[in-house]
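Here's the letter readout for the chains.
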Amino acid sequence: MNVFDERVGAPPTSSRSLGWAWLRVIVQDLSSPGRAALAIMVVFVLLSTSGWTAMRHQKPAQDPRAAAVSAWLHGSVAGRHLPNPDSASARTVTRFFASLTAAQRERLADRYPLVVGNLNGAPIPLRYAANRLALGQQQAAEIKRSHAEDLTPDGRSEALQLAHRYGSLRAPGRQILAFDPTGQGRVAEVFGDLATARRTAVVVPGVDTDILTFEKTSKPYSAPDGMAEALYDSERAADPAGHYAVIAWADYTTPDGLGLDASTGTMAEAGAVRLNAMVRALPATTSVQLFCHSYGSVLCGVGAGRLPQHKVTDIAVYGSPGMRAQNVAGLHTDARVWAARDATDWIQDVPYVEVGGLGHGPDPVSPSFGARVVSAAGAQQHTGYFASGTESLKNFTRIALGRYGQVVCASDDATCTAGAAAVA
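In this report, we go over the structure that sits alongside the text.

Each value, and the rule that gives it
Residue numbering note: each chain is counted from 1, following its sequence as written. Given that this is a predicted model, residues contribute local features only at a pLDDT of at least 70 and side-chain atom pairs are listed and counted only at 80 or more, while totals for whole chains, interfaces and linings are drawn from all residues. The basis for every side-chain value is the complete set of heavy atoms in the structure, and neither hydrogens nor water enter the calculation. By definition, any uninterrupted DSSP run of H or I lasting at least four residues is a helix, any uninterrupted run of E lasting at least two residues is a strand, and each is numbered from the N terminus. Three labels apply to residues, based on accessible area from a 1.4 Å probe with only protein chains included: buried if under 20% of the type maximum, exposed if over 50%, partly exposed otherwise in between. Contact between two residues is taken to exist if any of their heavy atoms lie within 4.5 Å; hydrogens are not considered. The Shrake-Rupley method, run with a 1.4 Å probe sphere, supplies the accessible areas, and residue values consider only the shown protein chains as cover. Here, nonpolar core refers to any group of buried Ala, Val, Leu, Ile, Met, Phe, Trp, Tyr and Cys residues whose side-chain atoms link them within 4.5 Å. A pairing counts as a salt bridge when a side-chain nitrogen of Lys or Arg comes within 4 Å of a carboxyl oxygen of Asp or Glu. Simply put, an axis is a line fit to the C-alpha atoms, just over the touching stretch for a helix, and the angle between two N-to-C directions goes from 0 to 180 degrees. These descriptions rest on fixed angle ranges, namely under 35 degrees for roughly parallel, over 145 for roughly antiparallel, 65 to 115 for roughly perpendicular, and the rest for oblique. What makes a crossing left-handed is the near helix being turned counterclockwise from the far one by less than a right angle; a clockwise turn instead makes it right-handed. Polar here means any residue outside two lists: the nonpolar Ala, Val, Leu, Ile, Met, Phe, Trp, Tyr, Cys and Pro, and the charged Asp, Glu, Lys and Arg; Gly therefore counts as polar. Only protein atoms enter the 1 Å grid, on which a cavity is a set of points fitting a 1.4 Å probe that cannot get out and a pocket is an open set with protein on both sides within 12 Å along at least 5 of 7 lines, lining residues being those with an atom within 4 Å of a point. Grid points are joined across faces, edges and corners, and a volume is the space filled by probe spheres set on the points. When we speak of the arc, we mean the arc of directions from the helix axis to the C-beta atoms.

**Some thoughts on the overall build of the protein**
Then comes step 1: In terms of regular secondary structure, the protein is built from 13 helices and 10 strands.
Then comes step 2: With 424 residues in all, the protein has 56% of them scored as buried.
Then comes step 3: In the protein, 70% of the contacts between residues at least 6 apart in sequence involve partners at least 24 apart.
Then comes step 4: When the accessible surface of the protein is summed, it comes to about 17,700 Å², and 54% of that surface belongs to carbon and sulfur atoms.

Written as structure tokens, this is what we have:
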């Protein structure tokens, strides 16, 4: 079973040295179901006693988007009902907005920003505008909440942090494709022009991803937004005249710290539904390359077979705890499957097993899994795969651009590029 915490980067050294030593003894022979079950049990004991779980202050229970959807479903435009955001296909939504005047579209975005900003199939520039408005509204609400007399110091601090983050996300020039402040929050940002992109890379992050961890000032490449921006900047440096875009896609609810949720595929399954809907709503003229980090690779694994096969050309996983498949064939995808893991990544120490739904299965960089294993030389532990100068960033850039012949394999025999024709 693989359990991990993107926020802290690695288990504390004191617990790690003792805990993983126990696990190495136990998992020397995982051919026995009893040993595999024991390994999983030991992991849970370590989790409950070592204090690895990241504790986060929870926002008051509320669901602002649900309220917005309810109002939307009771609304109308020119005497017509509005499409159901939870059941209407992207194609239906596209046709609906195409039938409206520009003024009608803008009025809907102004009146229901939390709906329009998250509505697959709605015009992308309209979604950007709606999310900018929604972010402004939520920023004002958090500033107001920070002044509440009954708020604890921790609550006040969190309100101010959220207000700051909302303000950052709505800065001029930023292209927010999705935004939902409910719970810990979800968000997605676009780098580049989706309308003209021929190739669109999507960065799918792992556990403990929310509004507050979406971007970081220190080591920005370790957060979803920074990963996507680093990839986009690297593509621009390699091909200044190219037509491509990158999406930092943190638009699913991730496991909160270490524990059962991070050890099962439940949240990955729910996230895969959302990823599939987003990918299918992208312009028909673009192909898609997925870059899936840590628990995000679990999501990409369970969702691979449901994604549009004609659209998704590549799935690259890095720092992966497993993809809930026995091998590449078990993913049921026509996409090229790439895998990377740096020698400094602590996730290599956890047992790659699955018993009774716990754990995520075989190691994607193992030869038996069948992925194209690429070099990640220079990566900085579990969250440093997009750091400048790393071989992992260079390889991800080559995959994103379709320059497969330039990819550097993890081994010397260059088998990872076999049969991967370059994109014209």
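**Side note on the nonpolar core**
Then comes step 1: Trp72, Phe97, Leu108, Phe291, Tyr318, Trp338 and Phe386 are the most contacted members of the largest nonpolar core, which has 63 residues in total.
Then comes step 2: Those residues in contact with phenylalanine 291 that lie beyond four places of it in its chain are Ala201, Val202, Val203, Val204, Leu231, Ala316, Tyr318, Phe396, Ile399 and Ala400.

**Remarks on the pattern of salt bridges**
Then comes step 1: By the definition in use, this model includes 15 salt bridges.
Then comes step 2: A salt bridge links aspartate 251 to arginine 274; the shortest N-O distance between them is 3.2 Å. Placement of aspartate 251 in the loop between β6 (244-250) and α10 (260-263) and of arginine 274 in helix α11 (residues 266-281) is noted, with a sequence separation of 23 residues between them.
Then comes step 3: Judged by relative accessible area, aspartate 251 falls into the buried class, the value being 10%.

**Quick look at the environment of alanine 414**
Then comes step 1: Along the chain, alanine 414 turns up in the segment after α13 (391-401).
Then comes step 2: Of the residues examined, alanine 414 reaches a relative accessible area of 40% and is grouped as partly exposed.

**Remarks on the packing of helix α7 (residues 124-146) against helix α8 (residues 153-169)**
Then comes step 1: Relative to each other, α7 and α8 sit at 160°, their axes nearing to 8 Å. The orientation of α7 relative to α8 falls into the category roughly antiparallel. In terms of crossing hand, the pair formed by α7 and α8 is left-handed. Residues Leu135, Gln138, Gln139, Glu142, Ile143, Arg145 and Ser146 of α7 lie in contact with α8, whose contacting residues are Gly155, Arg156, Glu158, Ala159, Leu160, Leu162, Ala163, Tyr166, Gly167 and Leu169.
Then comes step 2: Each residue belonging to the contact of α7 with α8 can be placed in one class, and the counts come to 8 nonpolar, 5 polar and 4 charged.

**A word on the layout of surface pockets**
Then comes step 1: Space inside the largest pocket adds up to approximately 800 Å³.
Then comes step 2: If you go around the largest pocket, you meet 33 residues; those closest to its centre are Ala90, Asn120, Ala277, Met278 and Ala281.
Then comes step 3: At the level of secondary structure, the elements contributing two or more residues to the lining of the largest pocket comprise α4 (90-98), α7, β3 (175-180) and α11.
Then comes step 4: Looking at which element gives the most residues to the lining of the largest pocket, the answer is α11, with 6 residues.
Then comes step 5: Here the lining of the largest pocket is composed, by residue class, of 18 nonpolar, 7 polar and 8 charged.

**So, α4**
Then comes step 1: Listed in full, the buried residues belonging to α4 are Val93, Phe96 and Phe97. Buried residues of α4, seen end-on, are gathered within an arc of 90° and therefore sit on one face of the element. Within α4, the exposed residues directed more than 90 degrees away from the buried face are Arg91, Arg95 and Ala98.
Then comes step 2: Where the residues of α4 are buried, they touch α3 (64-73), β1 (76-77), β2 (80-81), α5 (102-111), α6 (113-116) and α7.

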